[in-house]
Amino acid sequence: MQGSQGPNEHETVGAYALGILDNAEATAFEAHLATCEWCAQQLDELAGMEPMLAALADLPGSQGSPAIGESLAAKPSPRLADRLVDEVSERRAVKRRRGMYLVAAAAALIIGGPLTVLAVSGGSDGGKDAVAHPTSPAKAAFEDMHDRVQATDPTTKVNAVVAVEKKDWGTHAVLQLKNVTGPLKCSLIAVGKNGERETVTSWAVPKWGYGVANAKTEEAKNPLYVHGGAAFTPNEIDHFEVMTFDGKRLVEVDA
């Protein structure tokens, strides 16, 4: 965001999804959306998040996104959080209420998977399970990225392929995960050469799993694709770990 020049059109997708643009701004963004595939994909991922983000923005003491981020999932790198907060601080000063929604959205996006990867679908028992969206843009990103590393754990037999690309803010990472069954809640952790650990993204594995070769359904045979970011540059990362929320390491992949 550049002060009086207004936000970049691509950066407006979060505000549009939240319904906080005025009529003129919404009309201008819709004209851009009609020709921008990237914004259309981001809008699809953010759809339905407005009530949750609005509730987050109304939390007492929610004047900055790090506190919100800590309450949602494993804490991301402070460097990455600070950069995203800085991007919204100027607009928040001008339009305080609108800015509070954007801070909540920034906090959600910092931690990656828990909010952007999960979707709700009915289980066979009539309940609802959190599962990864089968058409996530993460798969398309994975197929376009050629810097990949992989490993299969000799004990768990879980296979992971991590594709990475350097960004100005750090590293964009996409995970392809196979031969894992649930129910589980997991995270992809980037471990730096300095020993620091950063959560790249998190997700849920349903009981039928992902990438199971002898599964009875296509849903279970398909690998899981999730993506997220770390403040590390690629050459600062020593390895990646796929960890369950209860501390079990499913597979480790050297960077």
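The following paragraphs examine the structure supplied in this document. Every value quoted in this text rests on a predicted model; they were computed, and no experiment measured them.

**What about the overall build of the protein chain?**
Consideration 1: Each helix and strand in the protein chain was counted, giving 10 helices and 10 strands.
Consideration 2: A fraction of 61% describes how many contacts in the protein chain between residues 6 or more apart in sequence connect residues 24 or more apart.
Consideration 3: Surface accessibility of the protein chain: about 13100 Å² in total, with carbon and sulfur atoms responsible for 51%.

**Observations concerning helix α2 (residues 23–33)**
Consideration 1: Every buried residue of α2 is listed here: A26, F29, H32 and L33. Across the axial projection of α2, the buried residues extend over an arc of 120°, all falling on one side. For α2, the exposed residues lying more than 90 degrees away from the buried face are N23, A24, T27 and A31.

**Here we look at the packing of aromatic side chains**
Consideration 1: Scanning the model with the defined rule gives one aromatic pair in all.
Consideration 2: Between R148 and the ring centre of F142, over which it is positioned, the NZ or CZ distance is 4.1 Å.

**Thoughts on the pattern of salt bridges**
Consideration 1: Under the criterion given, the structure shown has five salt bridges.
Consideration 2: In this structure, the salt-bridge partner of R249 is E241, at a minimum N-O distance of 3.7 Å.
Consideration 3: With relative accessibility at 42%, the residue R249 sits in the partly exposed group.
Consideration 4: Shared partners join several salt bridges into a network, and the residues in it are R197, E241, R249 and E252.

**Remarks on the sheet that holds strand β8 (residues 224–230)**
Sheet strands pair via backbone hydrogen bonds, and the direction of the pair is either parallel or antiparallel.
Consideration 1: With antiparallel pairing, the four strands of this open sheet are ordered in space as β3-β4-β5-β8. Pairing within the sheet leaves two strands with one partner each, and these edge strands are β3 (148–152) and β8. On average, each strand axis in the sheet is inclined to that of its neighbour by 20°, with strand direction left out of account.
Consideration 2: For strand β4 (residues 159–167) and strand β5 (residues 170–178), the ladder comprises nine bridges, and the chain directions are antiparallel.

**Quick notes on the nonpolar core**
Consideration 1: Within the largest apolar cluster, 26 residues are counted, with the highest numbers of intra-cluster contacts made by L175, L177, W203, F240 and V242.
Consideration 2: Only β4, β5, β6 (184–192), β7 (197–205), β8, β9 (237–244) and β10 (249–254) provide two or more residues apiece to this core.
Consideration 3: Those residues in contact with V242 that sit more than four places away from it in its chain are A160, L175, L177, S187, L188, W203, K248, R249, L250 and V251.
Consideration 4: A17, L33, C39 and L43 belong to the second largest nonpolar core, which has 10 residues in total.

**Re the pairing of β10**
Consideration 1: Two strands pair when backbone bridges link them, and β9 and β10 are joined in this way by five bridges, in the antiparallel orientation. Across the sheet, the residue bridging to E241 is E252, located in β10.

**As for the sheet that holds β9**
Consideration 1: Here four strands make up an open sheet; going across it, the order is β7-β6-β9-β10 and the pairing antiparallel. One side of each edge strand has no neighbouring strand; the edge strands of this open sheet are β7 and β10. Each strand of the sheet is rotated relative to its neighbour by a mean of 15°, with strand direction disregarded.

**Description of helix α9 (residues 137–144)**
Consideration 1: Turning to α9, its buried residues are P137, A138, A141 and F142. The buried residues of α9 occupy one face: seen down the axis, they fall within an arc of 145°.

**Remarks on the environment of L175**
Consideration 1: The topology assignment puts L175 in strand β5.
Consideration 2: By relative accessible area, which is 0% here, L175 ends up buried.
Consideration 3: Separated by 26 residues in sequence, L175 and T201 have C-alpha atoms that sit 9.3 Å apart.
Consideration 4: Those residues within four positions of L175 in sequence are excluded, and the remaining contacts are A160, V161, V162, L188, W203, L224, Y225, V226 and V242.

Reading the values: rules and limits
Residues numbered from 1 in each chain as written. Predicted model: local features only at pLDDT ≥ 70, side-chain atom pairs only at ≥ 80, totals over all residues. Heavy atoms only, no water. Helix = DSSP H or I, 4+ residues; strand = E, 2+ residues; numbered from the N terminus. Contact = heavy atoms within 4.5 Å. Areas by Shrake-Rupley, 256 points an atom, 1.4 Å probe, with all protein chains shown as cover. Buried < 20%, exposed > 50% of the residue type's maximum accessible area, 1.4 Å probe, protein only. Arc of directions from axis to C-beta. Phe/Tyr/Trp six-rings, centres within 6.5 Å; stacked < 30°, edge-to-face > 60°. Lys NZ or Arg CZ within 6 Å of the ring centre and 35° of its normal. Salt bridge = Lys/Arg side-chain N within 4 Å of Asp/Glu carboxyl O. Pairing = 2+ DSSP bridges. Axes fitted to C-alpha atoms, helices over the stretch in contact; angles between N-to-C directions. Core = buried A, V, L, I, M, F, W, Y, C linked by side-chain atoms within 4.5 Å.

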